[in-house]
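The primary structure of each chain is shown beneath.
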Amino acid sequence: MPNIKNKNILWHLLAIAIVAVWGTTFVNTKVLYNSGLTPLEIFFLRFFIAYICIWFISPRQLFSRTWRDELIMVLLGITGGSVFFLAENYAVGLTYVNNVSFIVCTAPLLTVLLGITFVKSIKASWSLILGSLIALMGVAIVIFNGSFVLHLNPWGDLLTLLASLCWAVYSLLMKKISNSYSAVFITRKIFFYGLVTVLPAFIFDPWTATTSMLLTPKVILNLLFLGLVASFLCFVLWTLVIAKIGAMTSSNYLYLNPITTVATSAIFLNEPMTAIAYVGSALILIGVAVSNK
């Protein structure tokens with residue numbers, strides 16, 4: 001029993017570490033956006049780097065065992081890839097990264113609501129619901145502060161909410177498939193279908209990045225971090241986390257995203273944070289603790 005408990009703790013710690021990394025990606029995206037890359041180009045380059053890397057460790061199996069499973073892989077590529085990141089990346093271009101990070105934190109609550117509604121095996125405890133509501137209250141406090149102090153573009157809010165809904169669907173689909181295939185195989189399929197389903201978007205938003213732009217150290221370093229660490233490594237590990245501790249529990253750790261985002265955006269982007277935003281952060285931490293006790 002002690003060994004089992006220790007292993008579970010390690011998976012929880014890994015989930016926290018992954019979310020901490022993802023919390024910094026809002027800043028990386030903002031830096032690339034300010035360097036002249038479009039949200040579409042940022043996503044494509046990020047997933048292309050990750051896809052190339054994963055082929056070195058991926059099994060030779062090309063397709064899922066059934067067409068139904070292959071369709072789920074397509075949906076994972078859309079909800080956890082193309083639509084999710086395009087919505088999030090375009091939102092970053094419209095508003096402060098702090099606020100995008102906080103709104104994305106509605107994803108765990110949406111996951112709970114969708115899970116209870118559509119998945120019979122999922123039962124939400126009172127601590128999970130209460131913790132989610134407390135954490136979401138913290139999110140609301142920061143958004144309320146941002147909306148009236150920073151004058152956010154409402155399109156940024158709507159795009160971020162779309163990203164949250166996509167991630168909720170992604171988490172539930174991943175719960176369904178994560179025990180049937182290896183994490184590396186699933187992640188490779190996500191990268192592939194994410195890239196394929198995003199290609200039509202270039203018709204409406206053509207490629208503009210130049211070679212000289214892509215070869216600047218700032219752009220190279222941020223793209224490598226997004227592709228190698230935040231996508232390739234973290235997506236593989238997150239698939240394992242969902243398989244080990246479940247979609248509900250792992251999703252709740254996304255509430256911690258803003259903590260990393262607040263720190264990195266304050267250091268690298270000089271984005272303002274008021275006292276009420278830190279109150280919201282405290283509520284988020286309390287909510288996560290109650291949810292995952």
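Structural notes, computed from the coordinates. For clarity, every value in this text was computed on a predicted model and none was experimentally measured. (Residues numbered from 1 in each chain as written. Predicted model: local features only at pLDDT ≥ 70, side-chain atom pairs only at ≥ 80, totals over all residues. Heavy atoms only, no water.)

### Examining the overall build of the protein chain
Rules: Helix and strand labels come from DSSP, where a helix needs a run of H or I of at least four residues and a strand needs a run of E of at least two; each type is numbered from the N terminus. Buried, partly exposed and exposed residues are distinguished by accessible area as a fraction of the type maximum, computed with a 1.4 Å probe on protein chains only: under 20%, between the cut-offs, and over 50%, respectively. Residue contacts follow a heavy-atom distance rule, with two residues in contact if any of their heavy atoms lie within 4.5 Å.
When helices and strands are counted, the protein chain shows 13 helices and zero strands. Helices (α) and strands (β) of the protein chain occur, in sequence order from the N terminus, as α-α-α-α-α-α-α-α-α-α-α-α-α. The 293 residues of the protein chain split such that 54% are buried. Taking as baseline every contact in the protein chain between residues at least 6 positions apart, the subset at least 24 positions apart corresponds to 90%.

### Observations concerning the pattern of salt bridges
Keep this limit in mind: By definition here, a salt bridge exists when the distance from a side-chain nitrogen of Lys or Arg to a carboxyl oxygen of Asp or Glu is within 4 Å.
Here the structure, examined in full by the defined rule, presents one salt bridge. The closest approach of N and O atoms between Lys189 and Glu70, which form a salt bridge, is 2.8 Å. With a gap of 119 residues between them, Lys189 in helix α8 (residues 183-198) and Glu70 in helix α3 (residues 67-94) connect regions that are remote in the sequence. Look at Lys189 and you get buried, because its relative accessible area is 4%.

### Some details on the packing of α8 against helix α10 (residues 217-245)
Heads up, the condition is: Interaxial angles span 0 to 180 degrees and are taken between N-to-C directions of axes, which are lines fitted to C-alpha atoms, for helices over the stretch in contact. By definition in this entry, angles of less than 35 degrees are roughly parallel, angles greater than 145 are roughly antiparallel, angles of 65 to 115 are roughly perpendicular, and the rest are oblique. Throughout, a crossing is termed right-handed when the near helix is turned clockwise from the far one, and left-handed when it is turned anticlockwise from it by less than a right angle. All amino acids are sorted into three groups, where Ala, Val, Leu, Ile, Met, Phe, Trp, Tyr, Cys and Pro are nonpolar, Asp, Glu, Lys and Arg are charged, and the leftover types, Gly among them, are polar.
The contact between α8 and α10 brings their axes to 9 Å, and the two run at 125 degrees. One element, α8, and the other, α10, form an angle in the oblique class. Considering only the axes of α8 and α10, their crossing is right-handed. Where α8 approaches α10, its residues Ala183, Val184, Ile186, Thr187, Ile190 and Phe191 are matched on the opposing element by Ser231, Phe232, Phe235, Val236, Thr239 and Leu240. For the contact of α8 with α10, a count of residues per class yields nine nonpolar, three polar and no charged.

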